[in-house]
Amino acid sequence: MPEQTPHQTPHIVIIGCGFGGLEAAKAFKGKAVRVSLIDRTNHHLFQPLLYQVATAGLAAPLISAPIRHLFRSQDNVTTLLGEVRSIDAMNKRLEFVQPSSGVPHALAFDHLIVAAGASHSYFGNDAWEAHAPGLKTLQDAFDIRRKILMAFEAAEAQDDTAQREALLTFVVIGAGPTGVEMAGTLAEIARHTLPGEFRRINPASAKVILVEGGARVLQAMPLDLSEKALKQLVKLGVDVRLNAKVTQIDAQGIQVDTLPTPTDLEAKTASSPQTVSARSYQIHSKTIIWAAGVAASALGKQLASSTGCELDRAGRVKVLPDLSLPQVPSISVIGDMASLMRDVDGKSVPVPGVSPAAKQMGRCAAANILRRIQGQSTLAFHYADYGNLATIGRNAAVVDLATPLGALRFSGKLAWLFWLFAHIYFLIGFRNRFVVLADWTNAYLSFSRNARVVAEAVSPESS
Ligand SMILES: Cc1cc2nc3c(=O)[nH]c(=O)nc-3n(C[C@H](O)[C@H](O)[C@H](O)COP(=O)(O)OP(=O)(O)OC[C@H]3O[C@@H](n4cnc5c(N)ncnc54)[C@H](O)[C@@H]3O)c2cc1C
C-alpha cells in the first residue's frame, strides 16, 4: 500500500473491530474525518455467544458479520484486513501485516484508537495452551468443538476402560461466566443431546468437571447469585471443584492442589497445631478447556515502550479519564485493553472487561477526538453499569440488574429467558436474530444441537 499523502481531512485509525472499535467507527458517521479500521480478521465477532459455536449449538455466521459489509454505507470508513505489529507513537505511524501476503504496510494517523481486546493468559505456563485451549476467536471455537465431538467418537471405538474414561472426562478450568456456560452446556450435551446416538458408550455417563481456584463460582456476582449458580450447575450434572488450584496440565490430564478452606484451617488448628497441607490429585482427561485468565493484547506493551505509559498486572494500559494516554493525547485505548478505575459506593474499582464497557468507551473516545479536532476540551468517561448476566445451561441463569430502585436479582428459568432475549437483541443483523431465535426454540424443544458437522476428523490424541 502506498504511503499516505498529506491530507486536510483528519485521519483516524482504529485498531480492532470488536465491540469497542465497531462502536467508535460508527460514531464517526457523517463527520468530516477519514477513518481506517484495521482488524486481523475480516469479521466482527459477538463473543458472548462464542461458547454456542464451541458446543455445536450455533453456526459461526450467526454470531459474526463481515466488517466490510457492516460499513458498506459509511463512506468515510476504509476497512483494512491486517495485523498491527508496531505503533510509532511519536511519529504517528503504525505498521501492519496483511495475513494473505505477509507483506508489511505503513499507515500514518492523526488520531489513533487502540481497541485490540485481550487474549488468554496461562499465568506463565504457556506450554499448557497446547493441551487446554481457551475460547476467544472463531478458530478457538472450531478447535474446541472438534475436540469435544471427537472425544465422544474416540470413546465409542475405544476398548480400554481407563482410556475410554479419560475420553469421557471433560474438564473446564475457571468458573467465571465462560467456564460456567461451557461446563453447563457440556453437561447438557452429554445428558440430553447425544444419548441414543451411540451404541458402545453411554454419553450420559461422561463426567464434566469444573475446576476453580477461588471459593465460589461467578466471583463477580453477589454471593447469593453465586450460590444459586452453583446449585444450578450441580443440578445439570456438573462436578464443581472449588478451592482447587491447577498445578500441571499435559496430554494425560491435569494435576490439582485442593487448597484448605478457612473452615478446614479452623478445625485443624483446634485439633492439632500442625499446618494444614494441600491435597494433590490428578484428573485424567483428553478434553481440557481453559477459561481461567485473560491478558490484554500485546499492543499494550508496544505502547508502553514507545510512550512510557503504565500497564496494570493484566497488561492493560492505564488511561486518563478521557481514555487518552498520558502525554500522548492523539492516542486513546479502549475496551479490554484499557485500565481505568471508577468509584462505586466510595470504593475504587476497575471498569469491567465486558462488552457494554467497550461499546461505551468506543463512543466516548470518538466523541473526544471530534472535540479535539474542534479545539474543545475532552470529557471524562463514565461507565453506565446496567448489571450482570450469566447463563449456566438450559433453564438456568443468574441476573443482577442495576435499576433506579436498586439491584434486581433473580435466577432460574426466568433469568435464562431474560438472558436469551437480551443476547438476541444485541446480536448484529435482523436475519441473525431471527435464525438464532428459531434455532434455540428448536434446540429447546428437541434437545438437539445442529452445528455438529466437523470437516476434518482429527483424533483427540493428536489434537
Ligand atoms: C467467550 C467469551 C464470552 C464473553 N461473554 C460476555 C458476556 O456474556 N457479556 C459481556 O458483556 N462480555 C462478555 N465477554 C467479554 C467481551 O466480549 C469483551 O469485553 C469485549 O469483546 C471487549 O471488546 P474490545 O473491543 O475491547 O475487544 P474485542 O471485542 O475482543 O475486539 C478486539 C478486536 O481486535 C482485533 N485485533 C486484536 N489484535 C489485533 C491486531 N494486532 N491487529 C489488528 N486487529 C487486532 C481482533 O480480531 C478483534 O476483532 C466475553 C468474552 C469472551 C471471550
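*Asks:* How do you make sense of the site of the ligand when you look at a structure like this?
*Replies:* Taken together, 29 residues lie near the ligand, and Gly-20, Asp-39, Gln-47, Asp-336 and Ser-355 sit nearest. In the model, a nitrogen atom of the ligand is placed 3.2 Å from a nitrogen or oxygen of the Arg-40 main chain. For the shell around the ligand, the two domains that each supply at least three residues are domain 1 (11-40 + 82-120 + 294-373) and domain 2 (126-292).

*Asks:* Just to check I follow, could you spell out the pattern of salt bridges for this structure?
*Replies:* Think of it this way: side chains of opposite charge can pair up when their charged atoms draw near. Using the criterion set out here, one finds 13 salt bridges in the structure. Salt-bridge contacts for Asp-322 lead to Arg-372; the nearest nitrogen and oxygen are separated by 3.1 Å. Here the residue Asp-322 occupies a position in the loop between strand E19 (317-318) and strand E20 (324-325), and Arg-372 occupies one in helix H10 (residues 355-373), the gap between them amounting to 50 residues. The buried category is assigned to Asp-322, whose relative accessible area is 10%.

*Asks:* Please explain the packing of aromatic side chains as it appears in this structure.
*Replies:* Aromatic rings considered in pairs are described by the distance between their centres and by the relative angle of their planes. Enumeration over the complete set of coordinates arrives at 10 aromatic pairs. Ring centres of Tyr-122 and Trp-290 lie 4.7 Å apart, and the angle between their planes is 20 degrees; on these two criteria the pair is classed as stacked. With Tyr-122 in the loop between strand E10 (118-120) and helix H4 (138-157) and Trp-290 in strand E17 (residues 287-290), the pair connects residues that are 168 residues apart, well separated along the chain. Aromatic ring contacts, followed pair by pair, group Tyr-122, Phe-123, Trp-128 and Trp-290 into a single cluster.

*Asks:* Sorry if this is basic, but what is going on with the pairing of strand E7 (residues 93-97) here?
*Replies:* Walk down a regular strand and you will see the side chains alternate between the two sheet faces. Of the strand pairs in this sheet, strand E6 (residues 83-88) and E7 are connected by five bridges, and their pairing is antiparallel. Its bridge partner lying in E7, Ser-86 is registered against Glu-95. Hairpin remark: E6 followed by E7, antiparallel, with four residues in the connecting loop; positive phi at Lys-92, about 50 degrees. Pairing analysis gives five bridges linking E7 to strand E8 (residues 104-108), with the strands arranged antiparallel. From the neighbouring strand, Arg-93 faces E8, where its bridge partner is Ala-108. Hairpin connection, E7 to E8: the antiparallel pair is bridged by six residues, and Gly-102 has positive phi, about 75 degrees.

*Asks:* Help me understand H4, please; the structure alone is not making it clear to me.
*Replies:* Given 3.6 residues to a turn, an α-helix orients residues that are three or four positions apart in the same direction. With 20 residues, H4 ought to run about 28 Å at 1.5 Å a step, and its terminal C-alpha atoms sit 29 Å apart, in line with that. Across the 20 residues of H4, 14 count as buried, placing the element largely inside the fold.

*Asks:* Honestly, empty space enclosed by the protein in this entry has me stumped. Any pointers?
*Replies:* Empty space among the atoms can be located by rolling a probe the size of a water molecule over them. In this structure the tally under the stated criterion is three cavities of 30 Å³ or more. Breaking the lining of the largest cavity down by element, the ones donating at least two residues are helix H2 (50-54), helix H6 (177-193), strand E25 (387-393), helix H11 (413-426) and helix H12 (430-446). Considering only residue class, the lining of the largest cavity consists of eight nonpolar, six polar and three charged. Gly-335, Ala-338, Val-351, Pro-352 and Gly-353 are, among the 14 residues lining the second largest cavity, the residues nearest its centre. Of all elements in the fold, only strand E22 (338-339) and H10 reach the threshold of two or more residues within the lining of the second largest cavity. When residues in the lining of the second largest cavity are grouped by element, the largest group, three residues, is from H10.

*Asks:* Looking at this structure, I do not really get the sheet that holds E7. What am I missing?
*Replies:* Whenever strands of a sheet pair, they do so through backbone hydrogen bonds, lying parallel or antiparallel. Read from one edge of the open sheet, three strands run E6-E7-E8, paired in antiparallel fashion. The open sheet has two edge strands with one neighbour each: E6 and E8. For this sheet, the mean inter-axis angle between neighbouring strands, taken without regard to orientation, is 25 degrees.

*Asks:* It is not clear to me how the sheet that holds strand E13 (residues 238-241) should be interpreted in this structure. Could you clarify?
*Replies:* The strand order across the open sheet formed by four strands is E13-E12-E11-E17, and the pairing between neighbours is parallel. Each of the sheet's edge strands pairs with one partner strand only, and the pair in question is E13 and E17. Each neighbouring strand pair of the sheet contributes to a mean axis angle of 20 degrees, computed without reference to strand direction. Judged from the five bridges that link them, strand E11 (residues 169-173) and strand E12 (residues 207-211) form a sheet pairing that is parallel. Bridging from a neighbouring strand, Ile-173 pairs with Val-211 of E12.

*Asks:* Explain the domain arrangement of the protein here, please?
*Replies:* Often the size quoted for an interface is simply the accessible area lost on bringing the parts together. Assigned domains of the protein: these are domain 1 (11-40 + 82-120 + 294-373) and domain 2 (126-292). Look at where the C-alpha atoms of domain 1 and domain 2 centre, and you get two points 35 Å apart. Of all residues in domain 1, Ala-118, His-120 and Val-294 give up the largest surface area on contact with domain 2, accounting jointly for 84% of the area buried on that side. One can count one salt bridge joining domain 1 with domain 2. Its salt-bridge partner being Lys-136, residue Asp-336 comes within 3.9 Å of it at the nearest N-O pair. Inspection of the domain 1/domain 2 interface yields one residue pair in polar contact (both at pLDDT 80 or more). When the residues that make up the side of domain 1 that touches domain 2 are grouped by side-chain class, the tally is one nonpolar, two polar and one charged.

*Asks:* Just to check I follow, could you spell out the pairing of strand E1 (residues 11-15) for this structure?
*Replies:* Here E1 lies mainly inside the structure; five of its five residues are buried. Where burial is concerned, the two faces of E1 agree: the one with His-11, Val-13 and Ile-15 and the one with Ile-12 and Ile-14 are both buried. For the crossover that starts at E1, traverses helix H1 (residues 19-27) and ends in the parallel strand E2 (residues 34-39), the hand is right-handed.

So, how was this worked out
Residues numbered from 1 in each chain as written. Predicted model: local features only at pLDDT ≥ 70, side-chain atom pairs only at ≥ 80, totals over all residues. Heavy atoms only, no water. Near = heavy atom within 4 Å. Polar contact = N/O pair within 3.5 Å; in protein donor to acceptor, adjacent residues only side chain to side chain. Domains from an automatic or database assignment. Salt bridge = Lys/Arg side-chain N within 4 Å of Asp/Glu carboxyl O. Helix = DSSP H or I, 4+ residues; strand = E, 2+ residues; numbered from the N terminus. Buried < 20%, exposed > 50% of the residue type's maximum accessible area, 1.4 Å probe, protein only. Phe/Tyr/Trp six-rings, centres within 6.5 Å; stacked < 30°, edge-to-face > 60°. Pairing = 2+ DSSP bridges. Expected span 1.5 Å × (residues − 1). 1 Å grid on protein atoms, 1.4 Å probe; cavity = no way out; pocket = protein on both sides within 12 Å on 5 of 7 lines; lining within 4 Å. Points joined across faces, edges and corners; volume = space filled by probe spheres on them. Nonpolar A, V, L, I, M, F, W, Y, C, P; charged D, E, K, R; others polar. Axes fitted to C-alpha atoms, helices over the stretch in contact; angles between N-to-C directions. Buried area = accessible area lost by both parts, 1.4 Å probe. Right-handed = clockwise from strand over helix to strand, strands pointing away.

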